[in-house]
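Reading the structure
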Amino acid sequence: MSLLALLVAPAWSADVLPVRRIRFYETGVGWFEREGVVDDTTSLPVPTSHLDDALKSLVVLGGDVDLGAITFPTALGDDAARVNAGLPHTEEMSFQSALQALLGVSVALETPDRRIEGVLIDVSGPLDVVNATESATSEVLAPEYALTVLGHDGVLHRTTTKELRSLRSGEAEVTDRMATAARTMARTRAQRPNALDVKLRKGGRLGLGYLAEAPVWRVSYRVLDKDGSGADLQAWALVHNDTDEAWKGVRIELANGEPDSFLYPMAAPRYAERDLKTPPVQLATVSQLATSTPDEMWNDSGQGSYGVGMSGTGVGGGGSAYGMGGVGTFGSASVALKTAEPVETPTQFVYRVPQPVDLPAHHSALVPIVQEGVPAEPATVFEPHSTVARSGMWLENGTNRTLPAGVLSVLQAGGLAGESELARLKPGETQMVTFGNELDVDLARGSVAGEVRPHALDLRKDRIVLQSVTPTVHTFDVRNRSGAARSLWLALELTPNEEIETDVRSEIDLHTGWTWLVLPFEPGSTDQRVTTHRSAVQSLEPATIAESTWLDWADRELADPDVLRAAARTAATLADLDTQLAGVNAERDRAKAELTGLRASLTAADGSNSAHPLTRRAATVESEIRRLDGRESQLRDTRAKRAEELLAVLAPLADDAAVQAD
């Protein structure tokens, strides 16, 4: 439903269409809706820096007017403003650059003894200035420039800026362009108002909405602990009116979400670059005889030069960032506050502040958005690997609305217990909030990992899948000197495949990933042992598993013991074949080494009679190597057959796995 259907606004006599509703987002933007009764024109007071956002998002929400155009003063970029005013491309506005921009312009100069009217044709300088009284404390003199003016009577006049009382442009359009450049290049141009004028052919009721940069809204919480029976939760949102416009009766909405929003240049004109095409015959932009004569060109070997230039424009984008902060005041939890109505959308959670807000320009406000009882459990907290006790609270979002991230103050026994931060919580989600050190609880902790314990295996795709667990015993020796029972919350950083074996209460903190062990402790000293186990899965090649391993698994009854013992017997055969293969390979390596030495000796003998015994021995060794190659091939074939036999022996394990899976 649009704003126009929700609000019945009185006629607004001012020229500015008033703000009726604002929705603030956590990405540094706000959605502004304006609505009222207008005559033939109205305006939206949008700063120059916000024009681009407004132009890319402006939408008509409704009304009965005959809408015409929406106009605004063109927002020039620095480069365009310089060009229009005749200023150098790389310089800021200065006295010298302004003088240069007036070249060729009709001007009126006044000096102490004369008035000159004409066209400014030259500005030279700065001039060398001699200070006759120069000393270490002398005043630095401003630079002087010489001006040449062609008077309307044809007379050339020359003066200096030191003699000038005033210099006035005689051409209004030049003055306007220089004034525009000065405003465009000023440091405060982004904050200068640049209203969007809405032209109407017929007046009536009109509603408009648009996006604009806005301060990020932030939230701070107060939790009043009710001595273990839950807590009262208050949430306050901090909003800012950083505009030059006072808000009267504005409906505020606060969106807890991050819709995409970006900066995009639209307001300033942009010009596309075009290809430069030149004539096939090179031509100059300056006449050859404009600055020289044929005789001079002849003396210069007839060389001339010419050039062309081109420039272009570009566009750029930017981004925004936001941070989180808070305030630290507390309102009594016994006072009933009107809290915000929650509305959830697919991308965000929106709070609608119940009462319209009046807020002067450049002021801020705290508005209540939540007051409700929530489940809360006090806790003495030890974070992972820490032996320092912390006061904490296991807080559940028992409301029907999402709680945005924010700072949090915890109050107990009529005073401050501490401060913390609350993560974004959906309804039903929980978080451990810590807010101070516990002084009366000591902890000594340790952990010892045990041996790996296989507990199941099966056959999958011709590989043995072995499941095992590694136990870890966590020890907690606690001394409670407070004189009161405590609920001790001990954090463990468990891996995804790690579980708690001991029968003890545990909670998962989704925001940290920690597992909390919850242990009640009376005053005095005590110790606690908690065992966790980490699961692991290995995929093994059956033919590489030793006989002793199969027998160990059979004794543990990880699967059918008869199958595992049959596998052990086959594994013994495979091990014997592996031993034989190792022996054959060793013999062949020795034979190859001997053959290499014999060939080296034959080369050295170079055909002498001593070579005949070496030749016979080399032939014998080569024959032995061929025999060993054949033996290795036989052994490998036999081993492959035994490996297939092993898979056949293990086949029932695959059948068992399939039955269990079903």
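Summarised in this report is the structure supplied together with it. (Residues numbered from 1 in each chain as written. Predicted model: local features only at pLDDT ≥ 70, side-chain atom pairs only at ≥ 80, totals over all residues. Heavy atoms only, no water.)

**Some words on the overall build of the protein**
Of the regular secondary structure elements, the protein holds nine helices and 32 strands. Split into buried and exposed, the 662 residues of the protein put 37% on the buried side. Summarising the internal contacts of the protein: among those between residues at least 6 apart in sequence, 72% fall at separations of at least 24. Of the roughly 37,100 Å² of accessible surface on the protein, 50% is carried by carbon and sulfur atoms. (Helix = DSSP H or I, 4+ residues; strand = E, 2+ residues; numbered from the N terminus. Buried < 20%, exposed > 50% of the residue type's maximum accessible area, 1.4 Å probe, protein only. Contact = heavy atoms within 4.5 Å. Areas by Shrake-Rupley, 256 points an atom, 1.4 Å probe, with all protein chains shown as cover.)

**Details of the pattern of salt bridges**
Applying the stated criterion across every chain yields a total of 30 salt bridges. Across the salt bridge formed by Glu541 and Arg463, the nearest N and O atoms sit 3.5 Å from each other. Pair noted here: Glu541 is in the loop between β32 (524–540) and α7 (547–556) and Arg463 is in strand β27 (residues 463–480), with a separation of 78 residues, a long-range link. Owing to a relative accessible area of 35%, Glu541 belongs among the partly exposed residues under this scheme. Take Arg463: its relative accessible area is 32%, and that puts it in the partly exposed class. Arg642 is paired through a salt bridge with Glu645; the nearest N and O atoms lie 3.2 Å apart. Here Glu645 and Arg642 lie together in helix α9 (residues 611–661), a separation of three residues that amounts to about one turn. Relative accessible area serves as the criterion here: at 25%, Arg642 is assigned to the partly exposed category. (Salt bridge = Lys/Arg side-chain N within 4 Å of Asp/Glu carboxyl O.)

**Quick look at the side chain of Ser220**
Of note, Ser220 is situated in strand β13 (residues 218–225). You can call Ser220 buried: its relative accessible area is 2%. Side-chain polar atoms of Ser220 contact the side chain of Arg222, separated by 2.6 Å. (Polar contact = N/O pair within 3.5 Å; in protein donor to acceptor, adjacent residues only side chain to side chain.)

**Re the sheet that holds strand β31 (residues 515–521)**
Spatially, β24-β21-β20-β28-β31-β30 is the arrangement adopted by the six strands of the open sheet, whose pairing is mixed. On the outer flanks of this sheet lie β24 (430–437) and β30 (505–508), each paired with one strand and no other. The sheet shows a mean angle of 35 degrees between the axes of neighbouring strands, taken without regard to direction. Of the pairings in the sheet, the one linking β30 to β31 comprises four bridges and is antiparallel in character. Within β31, the residue paired with Ser506 across the bridge is Leu517. (Pairing = 2+ DSSP bridges. Axes fitted to C-alpha atoms, helices over the stretch in contact; angles between N-to-C directions.)

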